[in-house]
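Residues per chain are reported as follows:
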Amino acid sequence: MTNKQTFRGEIVREIRKRLSIQAIMVSFLLFIMLLVFLFSIQFYQLNKETTTIVSDFSNLKSDAFTMLDSLNESTVPNYLATGENERYLYQQFYEKASSFGDQSAYFVMNAKGKTLFQAGNHVEAFSSYFLKVVLMNNQKRHHFLKVVQGKNSQRYLLFFSRVPQSENYAIFVMNGSGFSPVGLQYGTQFVIADNFDNVYAKNTQSFVKGTIEKIESQIIAKQLFFFDGKLYLAKNVLLDANLSLYTFVQSFPLSVLLLFGLLSVVLVTILLLLQANHLAKAIGDKTTREIGLLVNETSKIRDGEKKRLSVQTNEEFQYLAESINMMVDRLDEMRLQQLTLEKQTTIFERKMLEAQFNPHFLYNTLENIRIMIQIDPPLADKLILSLNRVLRYSIDYKQAETTLESDLEIIDEFLKVNAVRFEKLRYQIHIASCLKQISVPRLFLLPLIENSLKYGMKKRSDLTITINCYCHGDQLIFSVEDNGPGFTKETIANLTKKKYKDQTHHGLENSLRRLRLFFPEAKLTIESVEEGSKVRFTVMGEKNV
């Protein structure tokens, strides 16, 4: 299998993996949104019918007190004052109470609980002593409600209204079976009870227990609750100071919801996975095609067949190709300078070393940029800008020297690019304020950093590189430390004797030689620390800072 096919396979697998995860997440999100939608509909229906019941009860309450106040204005005071016209009071009550049906009764009692007048079909259902107790406990109130249980075990709602200019009360009694809201279309169940959980009216036996019929208010106090394996939506509204309305409806069966949700998730996931697989192959084909063009062109430049890239691809790679052409032109210019400036060996060496980058760095960076263009265009744009800045800086010879602060900014761009290549790579750059503006050779710390990357990444993926530039007494310290495998004693001995096995270690000596052009007494120290390695340059800096 060719490298191109292997690279394509890796891209396809990675994209397929990421899109598959997203497909599953989207499926579950859609299922949750569907549940929210269904519950929202049920909550809407519950709220609507709760509003209907509240409205019907408010009308009942208003009509009851309006009737009582009407009787209390003239008819009742006249009857109490003269003891006459009892038939007229009967007539007035039955006319005004006709709209409430035959499930009502009427009392007039004094403050001591003595019955002064009574009418209706349910007058025998109440104990006069009980009514007396209620009146004695509420003498300071002009209007109030009370839920009671009659002698016939039925529930009644009593409307109390004080007769003006007296201590007497008119009491209107309404049987619980007489309250029946109209317009309930969605199966909402309701219970009206007082603050002692005594039920007045209901259209269900759910959550109503015992022969005295008390509601289990602690169970249905929440808007959403489970009971006996069923899911309920509930609402609680205060109708009066001591009277509450409980409405609730059974939600969709859990087994149906789970089965429907599972089938929905599986179906949507399969569809999204098929689409993800198709998209991954398309992206892989396009990515490898664009990368192949660049690799083919750069290979021709490497073999001397061409001097410039000539590719027509998308805008991002076209911009990268132009940047590489600029670098190639500069390299050609350097080779010409080499022929004419052989005697200036030191300057030549400095310029060449500044332009040296590991070829794998550029190649892998191009591959990363190509992938990122498809997956994360903003990140790809940042990579191109960082690479462009590093390349431009490395081949710009208008100035042979730079400040330490400017040089570390380019080192930071270089490490940013590598941090994309190696996801677990971490780095820190610390520079003392006293060193920011000192003059240094360009990229003199780059070989140290490349050495840490090359050997550190062989042993661990979570490599951490720390760059410290600081003053210590009259010395300037430039150190690069990593948590890689460190140096063996043999390696340190060979480096000390300048016996280099590869170009990376040779670069350490070249960096030292370039640094000595600025600081003649510069020294190179190589050591293994507790975890990793530490390479530092030490110079006498009192007169240079």
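Rules of the game
- Residues numbered from 1 in each chain as written.
- Predicted model: local features only at pLDDT ≥ 70, side-chain atom pairs only at ≥ 80, totals over all residues.
- Heavy atoms only, no water.
- Patch = residues over 30% accessible without salt bridge, like charges linked within 9 Å, V, L, I, M, F, W, Y side chains within 5 Å.
- Areas by Shrake-Rupley, 256 points an atom, 1.4 Å probe, with all protein chains shown as cover.
- Salt bridge = Lys/Arg side-chain N within 4 Å of Asp/Glu carboxyl O.
- Helix = DSSP H or I, 4+ residues; strand = E, 2+ residues; numbered from the N terminus.
- Axes fitted to C-alpha atoms, helices over the stretch in contact; angles between N-to-C directions.
- Parallel < 35°, antiparallel > 145°, perpendicular 65-115°, else oblique.
- Left-handed = near helix turned anticlockwise from the far one by under 90°.
- Contact = heavy atoms within 4.5 Å.
- Nonpolar A, V, L, I, M, F, W, Y, C, P; charged D, E, K, R; others polar.
- Buried < 20%, exposed > 50% of the residue type's maximum accessible area, 1.4 Å probe, protein only.
- Pairing = 2+ DSSP bridges.
- Core = buried A, V, L, I, M, F, W, Y, C linked by side-chain atoms within 4.5 Å.
- Phe/Tyr/Trp six-rings, centres within 6.5 Å; stacked < 30°, edge-to-face > 60°.

### Re a nonpolar patch on the surface
A cluster of nonpolar side chains, Val-26, Leu-29, Leu-30 and Met-33, forms an exposed patch at the surface whose accessible area comes to about 360 Å². Examined against the element boundaries, Met-33 turns out to sit in helix H1 (residues 3–73).

### Thoughts on the packing of helix H9 (residues 377–394) against helix H10 (residues 404–421)
Taken N-terminus to C-terminus, the directions of H9 and H10 make an angle of 140°; their axes are 9 Å apart at the nearest point. Taken together, the axes of H9 and H10 lie oblique to each other. Taken as a pair, H9 and H10 cross one another with a handedness that is left-handed. For the pair H9 and H10, contact is made by Leu-379, Leu-383, Ser-386, Leu-387, Arg-389, Val-390 and Tyr-393 and by Ser-406, Asp-407, Glu-409, Ile-410, Glu-413, Phe-414, Val-417 and Val-420, respectively. Partitioned by chemical class, the residues of the contact of H9 with H10 number nine nonpolar, two polar and four charged.

### Focus on the pattern of salt bridges
One pass over the structure, following the stated rule, counts seven salt bridges. Among the ionic pairs, Lys-61 bridges to Asp-240, the shortest N-O distance being 2.6 Å. Separated by 179 residues along the polypeptide, Lys-61 in helix H1 and Asp-240 in strand E11 (residues 230–240) bring together distant segments of the chain. On the basis of relative accessible area, Asp-240 is assigned to the buried category, the value being 15%. A salt bridge links Arg-460 to Asp-462, with the nearest nitrogen and oxygen atoms 2.9 Å apart. The class of Arg-460 is partly exposed, set by a relative accessible area of 22%. Taking relative accessible area as the criterion, Asp-462 reaches 33% and is therefore assigned partly exposed. Overlapping salt bridges, with partners in common, bring together Arg-389, Glu-409 and Glu-413 in one network.

### What about the sheet that holds strand E14 (residues 426–431)?
To summarise the sheet geometry, strands pair through backbone hydrogen bonds and adopt either a parallel or an antiparallel arrangement. Strand order in the open sheet formed by five strands is E14-E16-E17-E19-E18, with mixed pairing between adjacent strands. Both outer strands of the open sheet, E14 and strand E18 (523–529), are each paired with one neighbouring strand and no more. Within this sheet the neighbouring strands show an average axis-to-axis angle of 15°, counted without direction. Bridging between strand E16 (residues 464–472) and strand E17 (residues 475–482) involves eight bridges; their strand directions are antiparallel. Bridge assignment links Thr-466 to a residue of E17, and that residue is Glu-481. The sheet contacts of H10 involve E14, E16 and E17, and relative to E14 the element is tilted by about 175°.

### A short note on the sheet that holds strand E6 (residues 189–194)
One open sheet holds the five strands; their spatial order is E7-E6-E12-E11-E10, and the pairing between them is antiparallel. The two strands at the open ends of the sheet, each matched to only one other strand, are strand E7 (199–202) and strand E10 (224–227). The sheet shows a mean angle of 30° between the axes of neighbouring strands, taken without regard to direction.

### Concerning the nonpolar core
In terms of nonpolar packing, the biggest core is built from 56 residues, with Leu-404, Leu-445, Ile-449, Ile-467 and Phe-478 touching the most fellow members. If we ignore the near neighbours within four places in the chain, the residues touching Ile-467 are Leu-408, Ile-411, Leu-415, Gln-428, Ile-429, His-430, Leu-445, Ile-449, Ser-479 and Val-480. Counting 35 residues, the second largest nonpolar core, distinct from the first, contains Phe-93, Ala-97, Leu-145 and Ala-201.

### Topic: the pairing of strand E3 (residues 143–149)
Of the pairings in the sheet, the one linking E3 to strand E4 (residues 155–162) comprises seven bridges and is antiparallel in character. Following the sheet pairing, Lys-146 is matched in E4 by Leu-158.

### Details of the packing of aromatic side chains
Per the stated rule, a full pass over the model turns up 20 aromatic pairs. Seen from their ring centres, Tyr-90 and Tyr-94 are 6.4 Å apart, and the 10° between their planes marks the pair as stacked. Taken together, the residues span about one helical turn, with Tyr-90 and Tyr-94 both in helix H3 (residues 86–96) at a distance of four residues. Between Phe-207 and Phe-225, the ring centres sit 5.7 Å apart and the planes meet at 70°, which makes this aromatic pair edge-to-face. Note that Phe-207 is positioned in the loop between E7 and strand E8 (208–209) and Phe-225 in strand E10, a separation of 18 residues in sequence. For Phe-207, a relative accessible area of 5% gives the class buried.

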